[in-house]
Amino acid sequence: MAIQSESYETQDMIDFISDEFESISADDPDNYCIVIEDENIYITKGYADTYPCVVAHTDTVHEIQSDMTVFDDGITMFAMNMRKGLQMGIGGDDKVGIYIALEALRNNDYIKVAFFRDEEMGCLGSMDADMRFFKDVEFVLQCDRQGYKDFVTEIYGVVLSDRAFSNAISGILEKYGKVETTKGGMTDVYQLCLNGLEVCSANISCGYYRPHCDDEIIIIEDVFRTRDLVDEIVKSISGTVWRNSLKSKSRYPKSYREEELPGKFENGYFNKKGNWVEFSSSKSSEKEYPSSSQEENPFNSKGEPLGLMCLCEQCDGIDLMYDANEDADWCFSCGEYTNKYNNYQER
């Protein structure tokens, strides 16, 4: 957890994952394959016709600081800048996901894992993913959600998995206290579905709390239980390709570059940091503008720039409408009010 990684500044995390791969594969290097392409990492372990798959992302929203100390009391983990005497974000989103993906790699005889760059800037890495890597996967799991109980099977109208998949793992979810929800937020499995992923996928709450905030914490038991859940799912249902029969029912079948979605605009979108990013055909030409300095930002009915409040505190949803009578945003993904207005900094 002490490796710092910020969007567009992920090389230290890439190096860490590469080192972990070398350690895991040391006893039988011919049984493993790693490809690093455009700062995305693709790893295959074992020889099989099909593979279970776990993914994570390498960036966090937190700025890299010169001083970071991680504290672990056996129950929680958090980070401090000791020079300033202030708590700082530990980056459980998505360092916890990276840990669980590496554990899945370590503990299974055959599996694929992938690590994507710059998810926090709008799933840029998974948007450019090499989809050939996923042609022989059975299902895809990601641990990139705050809290513990959620097992997300739909995001912004995109159906990630079908009833057959849900039925196959329902007993495992009950055992670990997980509950299926369709109130998901932006993450890589969502983007992979937009890219054309044909198999079932899910995003799982994994034990970090108050993400994107300086007072972020990690509950260690929740992390370990989610790790064990992923391992049990992989071992229980692998060997079958779980094709998503409901993929055609998704309401928003195209990516941000192809279609304007709720909360998106003609020339770009607000990323998870609340910054404006212009659409571009290549990473190198993307331009990002802090919302506070963007003079022509869209405004809501309170006269406040959307760039500062574009996320639902419950699901990270972007499809929000301000209701003056309730003084709250209505989230179309959740179907309910999100009551902490301007909640990006508070969630």
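Everything numeric here is computed off the predicted structure, so don't read it as measured data.

A.B. asks: I tried to follow the packing of aromatic side chains on my own but got confused; where do I start?
C.D. replies: Remark: the centre distance and the inter-plane angle together describe each pair of aromatic rings, the angle taken between the planes. In total, this model carries 11 aromatic pairs according to the counting rule given. Pairing tyrosine 99 with phenylalanine 224 gives two aromatic rings, centres 6.4 Å apart and planes at 45 degrees, and the pair type is tilted. Remark: phenylalanine 224 occurs in helix α6 (residues 220-237) and tyrosine 99 occurs in helix α2 (residues 92-107); sequence separation between them is 125 residues. Classification of phenylalanine 224 by relative accessible area gives partly exposed; the value is 37%. Aromatic side chains phenylalanine 133 and phenylalanine 134 sit 5.2 Å apart centroid to centroid with 85 degrees between the ring planes, which places their arrangement in the edge-to-face category. Counting every residue linked through ring pairs, the aromatic cluster contains Tyr42, Phe116, Phe133 and Phe134. If you follow lysine 112 out to its NZ or CZ, it ends over the ring of phenylalanine 133, 4.4 Å from the centre. Over the ring of tyrosine 148 we find lysine 178, and its NZ or CZ is 3.7 Å from the ring centre.

A.B. asks: Explain the pairing of strand β3 (residues 51-57) here, please?
C.D. replies: Taken residue by residue, a regular strand's side chains alternate between the two faces of the sheet. Counting buried positions along β3 yields 7 of 7 residues, so the element is predominantly enclosed. Both β3 and strand β8 (residues 137-145) contribute to a ladder of 5 bridges, which runs parallel. Looking at β8, one finds that valine 54 is bridged to leucine 141. As paired elements, β3 and strand β7 (residues 111-116) share 5 bridges and run parallel to each other. Looking across to β7, one finds that cysteine 53 is bridged to lysine 112.

A.B. asks: Where do I start with the pattern of salt bridges in this structure?
C.D. replies: As a working rule, side chains carrying opposite charge can pair if their charged atoms are close by. Scanning the entire structure with this criterion turns up 12 salt bridges. A salt bridge links arginine 106 to glutamate 103; the shortest N-O distance between them is 3.1 Å. Of this pair, arginine 106 and glutamate 103 both sit in helix α2, 3 residues apart, which is roughly one turn of that helix. Judged by relative accessible area, arginine 106 falls into the partly exposed class, the value being 35%. Residue classification places glutamate 103 among the buried residues on the basis of a relative accessible area of 15%. Here arginine 227 makes a salt bridge to aspartate 228, at a shortest N to O gap of 3.1 Å.

A.B. asks: What exactly am I supposed to notice about the packing of α2 against α6 here?
C.D. replies: Packed helices, taken two at a time, are described by their axes: the angle between them and the distance between them. Where α2 meets α6, the closest approach of the two axes is 10 Å, and the angle between their N-to-C directions is 40 degrees. When the axes of α2 and α6 are compared, the pair comes out oblique. Handedness of the crossing formed by α2 with α6: right-handed. Of the residues in α6, those touching α2 at Val96, Tyr99, Ile100, Glu103 and Asn107 are Val223, Phe224, Thr226, Arg227, Val230, Asp231 and Lys235. Partitioned by chemical class, the residues of the contact of α2 with α6 number 6 nonpolar, 2 polar and 4 charged.

A.B. asks: Which parts of the structure should I look at to understand the side chain of glutamate 216?
C.D. replies: Within the secondary structure, glutamate 216 is located in the loop between β14 (208-209) and β15 (217-219). Lysine 95 provides the closest opposite charge to the buried, salt-bridge-free glutamate 216, at an N-O distance of 7.7 Å. Within polar-contact distance, the side chain of glutamate 216 engages the side chain of histidine 62 at 3.1 Å.

A.B. asks: Can you walk me through the side chain of aspartate 93 in this structure?
C.D. replies: Relative to the helices and strands, aspartate 93 is located in helix α2. Engagement of the side chain of aspartate 93 in a polar contact is seen with the side chain of histidine 212, the distance being 3.0 Å. In this structure, aspartate 93 is in contact with His57, Asp59, Thr60, Glu120, Asp144, Tyr208, Pro211, His212 and Glu216, ignoring residues within four places of it in sequence.

A.B. asks: How should the confidence of the model for the protein be read in this particular structure?
C.D. replies: A low pLDDT means the predicted coordinates there should not be read in detail. Confidence in the prediction for the protein averages 83 pLDDT; 74% of positions are at 70 or higher. Considering only residues more than four positions removed or in separate chains, one finds that residues 252-265, a stretch of pLDDT under 50, has 41 contacts. Note on residues 280-310: pLDDT under 50 across the span, and 68 contacts to partners over four residues away in sequence or across chains.

A.B. asks: Just to check I follow, could you spell out the packing of helix α4 (residues 163-175) against α6 for this structure?
C.D. replies: At a minimum axis distance of 10 Å, the contact between α4 and α6 shows a crossing angle of 145 degrees. Here α4 runs over α6; the crossing is right-handed. Each of Phe165, Ala168, Ile169, Ile172, Leu173 and Lys175 in α4 lies in contact with α6, whose residues at this interface are Arg225, Leu229, Glu232, Ile233, Ser236 and Ile237. Classifying every residue of the contact of α4 with α6 by side-chain character gives 8 nonpolar, 1 polar and 3 charged.

A.B. asks: Can you help me understand the sheet that holds strand β2 (residues 40-45) in this one?
C.D. replies: The strands that make up a sheet are held in pairs by hydrogen bonds between backbone atoms, and each pair lies either parallel or antiparallel. Strand order in this open sheet of 8 strands is β1-β2-β7-β3-β8-β13-β9-β12, and the pairing throughout is mixed. Among the strands making up the open sheet, the edge pair consists of β1 (32-37) and β12 (179-181). Here the strands of the sheet are splayed against their neighbours by 20 degrees on average, with no regard to which way each runs. One ladder, built from 6 bridges, connects β1 with β2; its direction is antiparallel. The residue of β2 that forms the bridge with tyrosine 32 is lysine 45. Strands β3, β7, β8, β9 (150-152) and β13 (201-205) of the sheet are contacted by α6, whose axis makes an angle of about 170 degrees with β8.

Rules and cut-offs
Residues numbered from 1 in each chain as written. Predicted model: local features only at pLDDT ≥ 70, side-chain atom pairs only at ≥ 80, totals over all residues. Heavy atoms only, no water. Phe/Tyr/Trp six-rings, centres within 6.5 Å; stacked < 30°, edge-to-face > 60°. Helix = DSSP H or I, 4+ residues; strand = E, 2+ residues; numbered from the N terminus. Buried < 20%, exposed > 50% of the residue type's maximum accessible area, 1.4 Å probe, protein only. Lys NZ or Arg CZ within 6 Å of the ring centre and 35° of its normal. Pairing = 2+ DSSP bridges. Salt bridge = Lys/Arg side-chain N within 4 Å of Asp/Glu carboxyl O. Axes fitted to C-alpha atoms, helices over the stretch in contact; angles between N-to-C directions. Parallel < 35°, antiparallel > 145°, perpendicular 65-115°, else oblique. Left-handed = near helix turned anticlockwise from the far one by under 90°. Contact = heavy atoms within 4.5 Å. Nonpolar A, V, L, I, M, F, W, Y, C, P; charged D, E, K, R; others polar. Lys, Arg positive; Asp, Glu negative; His and termini not counted. Polar contact = N/O pair within 3.5 Å; in protein donor to acceptor, adjacent residues only side chain to side chain. pLDDT = per-residue confidence, 0-100.

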